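Take a look at the letters that make up each chain.
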Amino acid sequence: MIDQASGLRELVSKSDTKNSKFITIASGKGGVGKTNFAVNFSYILANEFKKRVLLIDADIGMANVHLFLGLDKGKNIKHLFTGEKIENIIQHAAGFDVLVGFSGIDDFFEMEDVSIQTVINQLELVSQEYDYIIIDTGAGIDEKVASFLRASHKSYVITTPEPTALMDAYALIKTLYNLYKYDNFKIVVNMCKNKEEGEQTFNKLKISTNKFLGIDIELLGVLPFTNNLRQAVKRKELVAVLYPKDGYTNSIRRICKEELKVESVTHDKFWQKLFDFMGKN
Ligand SMILES: Nc1ncnc2c1ncn2[C@@H]1O[C@H](COP(=O)(O)OP(=O)(O)OP(=O)(O)O)[C@@H](O)[C@H]1O
Ligand SMILES: [Mg+2]
């Protein structure tokens, strides 16, 4: 056992996750479309742009990515902490891989049947297999969500044009910046009537972050409101699969193209940082 762990440590120290891109998806307000964005974005990156994608459901307590993809919620992240090998937990969806989350308990990090370091090492090793690691989080900003955002070199904040959603997006950005000087935000405005509404929404947010925090944020994309997405959700399918020509699907495709233009940033030891930020290591 000790030998195995030290072997793993050695492997991890030789190679790290510096070529994998970690993108955390967050929002201030709930129900703004994070999870739908995460699954469709993963699907298009993997199937149309041939990227190796791992989608992680980090909405601890209210995990639901598995529902969109017809996956087994019995095999989930929690089992990493009870000694299960990561290869046995990762599931395969439509062209990409998924680490399913879990629901119902909040004492996740109290579980220490295996050492946190073993879990970190497994996650570091596995992450090297992917071009993108997309992390869907729960709404709002608690210590766990903040840690995922801080460890990612890119964070997508999803909002809608609703004033409350916009206010909460601002509050999230402000908290991350004031507490940790983290300012790497890209904004997606979802459920818009048209492009102008999305751009106006973004501009309001940009003016506030500029004026009150002195930071610049970037508009990544505007996604339309579409009944096709609701239809797809009802049928437990992805809008990108059922409606590949829908405006929503097209907008996500554009976002993927934008993302692919971005130069690779050296990105070491995501998982180590994450658990350090959480004060768990
Ligand atoms: N572009 C859109 N057009 C129409 N409906 C949408 C759109 N995006 C999301 N929805 C609907 O909004 C609801 C919430 O979506 P989703 O679960 O993706 O949000 P979320 O931000 O992940 O929520 P939570 O904060 O609870 O995790 C769903 O019922 C979904 O069908
Ligand atoms: Mg969600």
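The preceding data block contains the structure.
The sections below set out a description of the structure shown in this document. (Residues numbered from 1 in each chain as written. Chains lettered and ligands numbered in written order. Predicted model: local features only at pLDDT ≥ 70, side-chain atom pairs only at ≥ 80, totals over all residues. Heavy atoms only, no water.)

## As for helix 5 (residues 143–151)
For step 1, the next point in the chain: Within helix 5, 7 of the 9 residues are buried, leaving the element largely enclosed by the surrounding structure.
For step 2, the next point in the chain: Turning to helix 5, its buried residues number three or more, namely Lys144, Val145, Ala146, Ser147, Phe148, Leu149 and Ala151.
For step 3, the next point in the chain: Of the surrounding elements, those touching the buried residues of helix 5 are strand 1 (21–26), strand 2 (53–58), strand 5 (132–137), strand 6 (154–159), helix 6 (163–180) and helix 11 (270–277).
For step 4, the next point in the chain: Backbone nitrogen of Lys144 and a side-chain oxygen of the N-cap are separated by 3.1 Å at the start of helix 5; the cap is Asp142. (Buried < 20%, exposed > 50% of the residue type's maximum accessible area, 1.4 Å probe, protein only. Helix = DSSP H or I, 4+ residues; strand = E, 2+ residues; numbered from the N terminus. Contact = heavy atoms within 4.5 Å. Polar contact = N/O pair within 3.5 Å; in protein donor to acceptor, adjacent residues only side chain to side chain.)

## Focus on the nonpolar core
For step 1, the next point in the chain: By size, the foremost hydrophobic cluster in this structure holds 37 residues, and its most contacted members are Phe37, Phe41, Leu69 and Ile134.
For step 2, the next point in the chain: In terms of residues, this core owes the most to one element, helix 2 (residues 34–47), which gives 8 residues.
For step 3, the next point in the chain: Beyond its immediate chain neighbours, meaning those up to four positions away, Phe41 contacts Ile23, Ile134, Tyr156, Ile252, Ile255, Cys256 and Glu259.
For step 4, the next point in the chain: Core analysis: the second largest hydrophobic core is formed by 27 residues, Ile116, Val119, Leu123 and Met278 among them. (Core = buried A, V, L, I, M, F, W, Y, C linked by side-chain atoms within 4.5 Å.)

## Topic: the pairing of strand 1
Regular strands have side chains that alternate between both faces of the sheet.
For step 1, the next point in the chain: In terms of burial, strand 1 is a largely internal element, 6 of the 6 residues being buried.
For step 2, the next point in the chain: Taking every second residue as pointing to the same face, both faces of strand 1 are buried, with Lys21, Ile23 and Ile25 on one and Phe22, Thr24 and Ala26 on the other.
For step 3, the next point in the chain: Inspection of the sheet shows strand 1 paired to strand 5 by 5 bridges, in the parallel sense. Residue pairing in the sheet places Phe22 in a bridge with Ile133 of strand 5.
For step 4, the next point in the chain: The pairing of strand 1 with strand 6 spans 4 bridges and is classified as parallel. Note that in strand 6 the partner of Thr24 across the bridge is Ser155. (Pairing = 2+ DSSP bridges.)

## What to know about the environment of Val65
For step 1, the next point in the chain: Counting through the fold element by element, Val65 comes out in helix 3 (residues 65–69).
For step 2, the next point in the chain: The sequence separation of Val65 and Leu99 amounts to 34 residues, and the corresponding C-alpha distance is 9.1 Å.
For step 3, the next point in the chain: When residues no more than four places from it in sequence are discounted, the contact partners of Val65 are Thr35, Val39, Leu55, Asp57, Val98 and Asp136.

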